[in-house]
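So the chains spell out like this:
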Amino acid sequence: MPVFSSSKKKSDEYCCKIYTMDAELQFTIEATAKGHTLFSLVCQTIGLREHWYFGLKFLDKVTNEWTWLQVNRTITSQPIQIQSNSISSKRPESPSATDNFKPHLLRSPPTSPSTSTLSLPSSSTSGAHPCVNVLELYFVVKFYPEEITNELIQDITRHLFYLQVKQDILNMDIYCPPDAAAHLASLALQAKFGDYDQLSSSSEPLNLESEALLPLSCFQKVELTRADWFSRIVALWRTHTSLTREDSEMAYLKHAQDLDMFGLSFFEISKMQGANKSNPSSQQQSDQSSIAAELWLGIDSLGIRFYKKNKLRPEVFFSWSDIKSVAAHDKKVILNMSGEKSATFAFYAAKSSVSKEILDLATGNHELYMKRRREQTIEIQQMRYFEGQQQKEKHRIITRERQLRLQAEKERDEIERKFNDYQRQMKEIHDTLLKYQEAAKLLARKAHISSEEARLQAEKAFEIETQLERCKYEINRNEEEKRLYARQISECEQIISTLVNDSVKSRKEAEELKIEVAKWRVAEAAAREKLLSITQLNQSIAVKNAATQAQQNLVQTSSPRTLSPPPYRPPLRNQELNQIDERAFLIEKQSKQAQLVLQLEDLKNVIQAKKIEERQTFLDKAYEENLAVGDNKYSTMQKASSGTASK
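Values in this document were obtained by computation on a predicted structure and should not be read as measured data.

Definitions and limits used
Residues numbered from 1 in each chain as written. Predicted model: local features only at pLDDT ≥ 70, side-chain atom pairs only at ≥ 80, totals over all residues. Heavy atoms only, no water. Helix = DSSP H or I, 4+ residues; strand = E, 2+ residues; numbered from the N terminus. Buried < 20%, exposed > 50% of the residue type's maximum accessible area, 1.4 Å probe, protein only. Contact = heavy atoms within 4.5 Å. Areas by Shrake-Rupley, 256 points an atom, 1.4 Å probe, with all protein chains shown as cover. Salt bridge = Lys/Arg side-chain N within 4 Å of Asp/Glu carboxyl O. Pairing = 2+ DSSP bridges. Expected span 1.5 Å × (residues − 1). pLDDT = per-residue confidence, 0-100. Phe/Tyr/Trp six-rings, centres within 6.5 Å; stacked < 30°, edge-to-face > 60°. Lys NZ or Arg CZ within 6 Å of the ring centre and 35° of its normal. 1 Å grid on protein atoms, 1.4 Å probe; cavity = no way out; pocket = protein on both sides within 12 Å on 5 of 7 lines; lining within 4 Å. Points joined across faces, edges and corners; volume = space filled by probe spheres on them. Nonpolar A, V, L, I, M, F, W, Y, C, P; charged D, E, K, R; others polar. Axes fitted to C-alpha atoms, helices over the stretch in contact; angles between N-to-C directions. Parallel < 35°, antiparallel > 145°, perpendicular 65-115°, else oblique. Left-handed = near helix turned anticlockwise from the far one by under 90°.

As a further point, take the overall build of the protein chain. A tally of regular secondary structure across the protein chain gives 15 helices and 14 strands. When the 647 residues of the protein chain are sorted by exposure, 40% land in the buried category. The contacts of the protein chain with a sequence gap of at least 6 include a subset with a gap of at least 24, amounting to 73%. A total accessible area of about 36600 Å² is found for the protein chain, and carbon and sulfur atoms account for 53% of it.

A side chain of one charge can pair with a side chain of the opposite charge if their charged atoms are brought near each other. Taken as a whole and assessed by the stated rule, the structure comprises 23 salt bridges. Notably, a salt bridge pairs Glu146 with Arg373, separated by 2.7 Å at the nearest N-O pair. Of this pair, Glu146 sits in the loop between β7 (133-141) and α2 (148-151) while Arg373 sits in the loop between α10 (352-372) and α11 (378-477); the two residues are 227 residues apart in sequence, bridging distant segments of the chain. Its relative accessible area of 45% is what places Arg373 among the partly exposed residues. The residue Arg412 makes a salt bridge to Glu416 at a minimum N-O spacing of 4.0 Å. A residue pair is termed a helical-turn pair when its members lie 3 or 4 positions apart in one helix, as Arg412 and Glu416 do in helix α11 at 4 residues. In this structure Arg412 comes out as partly exposed when scored by relative accessible area, which is 41%. With a relative accessible area of 40%, Glu416 lands in the partly exposed category.

Among the 5 residues that make up strand β9 (residues 295-299), 4 are buried, leaving the element largely enclosed by the rest of the structure. Counted along the chain from β9 to the antiparallel partner strand β10 (residues 303-307), the turn is 3 residues long.

The next point concerns the environment of Phe193. Looking at where Phe193 falls in the secondary structure, it is placed in helix α4 (residues 178-193). What makes Phe193 partly exposed here is its relative accessible area of 27%. For Phe193 and Thr244, which are 51 residues apart along the polypeptide, the C-alpha to C-alpha distance reads 9.9 Å. Those residues within four positions of Phe193 in sequence are excluded, and the remaining contacts are Leu199, Leu206, Glu211 and Trp237.

Another aspect to go through is α4. At 3.6 residues per turn, the α-helix brings residues three or four places apart onto the same side. Taking 1.5 Å of rise per residue, 16 residues should cover 22 Å, and α4 covers 22 Å from first to last C-alpha, within 8% of that figure. By the criterion of burial, α4 is predominantly enclosed, with 12 of the 16 residues buried. Listing the buried residues of α4 in full gives Asp179, Ala181, Ala182, His183, Leu184, Ala185, Ser186, Leu187, Ala188, Leu189, Gln190 and Ala191. Just past α4, the residue Gly194 takes up positive phi, approximately 90 degrees.

Now for the confidence of the model for the protein chain. Counting all residues, the mean pLDDT for the protein chain is 78, and 79% of those residues have values of 70 or more. Mean pLDDT values for the elements of the protein chain range from 36 in strand β6 (residues 115-119) up to 94 in helix α3 (residues 155-170). Scored below 50 in pLDDT, residues 1-10 makes 28 contacts in the model with residues more than four places away or belonging to other chains. Within the model, pLDDT remains below 50 along residues 568-572, and this stretch shows 4 contacts once partners closer than five positions in the same chain are excluded.

The subject of this paragraph is the packing of aromatic side chains. Enumeration over the complete set of coordinates arrives at 19 aromatic pairs. Ring geometry for Tyr162 against Tyr252: centres 5.1 Å apart, planes inclined by 85 degrees, an arrangement best described as edge-to-face. Taken together, the residues Tyr162 in helix α3 and Tyr252 in helix α8 (residues 245-256) connect sequence positions 90 residues apart. Tyr252 shares its class with Tyr162; the two are buried. Geometry around Phe219 places Arg226 over its ring, the cationic atom sitting 4.7 Å from the centre. For Arg373, the ring lying beneath its charged end belongs to Tyr369, and the centroid distance is 3.6 Å.

What follows is about empty space enclosed by the protein. Sizing a probe to match a water molecule and rolling it over the atoms shows the empty space that remains. A full pass over the atoms with the stated rule returns 4 cavities of 30 Å³ or more. As a volume, the largest cavity reaches approximately 60 Å³. Among the secondary structure elements, those contributing two or more residues to the lining of the largest cavity are α3 and α4. Top contributing element to the lining of the largest cavity by residue count: α4, with 4 residues. Taken together, the residues of the lining of the largest cavity sort by class into 12 nonpolar, no polar and 1 charged.

Time to look at the pairing of strand β2 (residues 24-30). Most of β2 sits out of view: 5 of its 7 residues are buried. Of the pairings in the sheet, the one linking strand β1 (residues 13-19) to β2 comprises 7 bridges and is antiparallel in character. By the bridge assignment for β2, Lys17 is matched with Gln26. The antiparallel pairing of β1 with β2 creates a hairpin that spans 4 residues between the two strands.

Take the packing of α4 against helix α7 (residues 226-237) next. Between α4 and α7, the least distance of the axes is 8 Å, while the angle of their chain directions is 60 degrees. Considering the angle they form, α4 stands oblique to α7. Two packed elements cross with a definite hand, and for α4 against α7 that hand is right-handed. Residues Pro178, Ala182, His183, Ala185, Ser186, Leu189, Gln190 and Phe193 of α4 pack against Trp229, Ile233, Leu236 and Trp237 of α7. The class makeup of the residues in the contact of α4 with α7 is 9 nonpolar, 3 polar and no charged.

Structure (structure tokens):
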């Protein structure tokens, strides 16, 4: 996009590089621009309307800590580091929204960023020049909703939350047990690549080694090889067939929301004190106000939590409905409670900047908490209506594609069945033809042998006739031997008669064999003609199958984001067949869900058997204790709210 620049000096302009989870944006701003102007530009560029969940972070040049950009102040008046254009070409690692802002904990920054360059409108568009001063900020999630599956409206909002939560889990900023991490990894693969069966049938091999799937702790704490982990994840992946990218990301967020540290911002605090204004001698309030020493403060969309032993089980929980106001004075933070027994709780942060950040997050979460309990604004209603229409259109398109896919699969199965039948028939005919050929060769060999025998007998008869002539000649020469020769002649004549009869019989058999060979050759020609006709029929079926596949590919390549596609005319099929297809689809979905549950249970058992006890952290042991007593994120929060978490 074009860069608009004013005629002012270069020192009056700044180049702002904004890093989102999957993109890199660049804006040229003036020195007097405020934070909300830059924030609005980022939201407009990426098409985000649910802007209240997000914020901009930068690295404080004074404290070297990650700090939220104040939108009501000018950008240059805040302690943001200003770099030269030459040294800012390399992208640093982005901050996480829930990790006390330690960039060195991040393992994988967003990949393949797309760059867009914009600037604020100015009075002149001539004499554009590159900026010397570069400001780097990060667009990340600042506030989380209470129910992520119902409150998020836009697809872009859901996608940014998905990328943020996925990175926090991979960086181990959110504690995730190994079995849940494998399940979330399978959903991430479904969101990125689609169905496993379609991907495995393609020519390009899938390389999971290059994908960031599991936190490093999974490989360190469980005696499973990378190949074993990947095979388990692929098995879980195959149960998510037919889930779209949007559904996979939403399912990922839905399961991640149940993790104990999801959506929480933690801060180290100390010296928590409380006093009941109306009844200072209240015993229950005294129990909650006696918490001191090293503590963690957790802030999320539901309220404020205090942790003492670990970050999985809160000791005290205050809902936003019970908190009247929050104030910060230097390092001290004061909670003013509402209700009949209004109390005041005070604690100290490590730095005054941390207390200000606690106040900022508490104020923002409290405002969103109250906003969710008021009537929805016109803007929210319009967004929900528009997104609802889009979801209906997507659902209609997906339903249509599923019906077409089922129909194409049925036709493909029918064609494959017919093709297999034809192949079986061709094999039978081919075997019969081979038998005919073998029989014809055998008969031809017998006929050749018979003809050779007849020729030998004819030669023998000729020799005997020659001997007979010689004998007659000798009889004429020697009368004394006439009687002897007469007897020999009589015997020879008998032998000749026998041989002549045998020769005639052999010739007759040879003629019969020739006639039989001719019959076999006629049968062989008929078999060849039948084989040729079946081959031509298979070629026509293959052409029809290719046309059907091309039509299916054309339907699948149609863009699902089109809001107003051309009117669709459903094929003339029986309504009962459609109902049968829907029931079959639901039965298949239930079967895959049951298979997923069984595989997750098996994976839990394997992890329990293969885990390395000496490498289990304090959080792992706390998680096992919660499972043993049947506690989860929500039950511990209820116990902390009632003051029974540590009992």
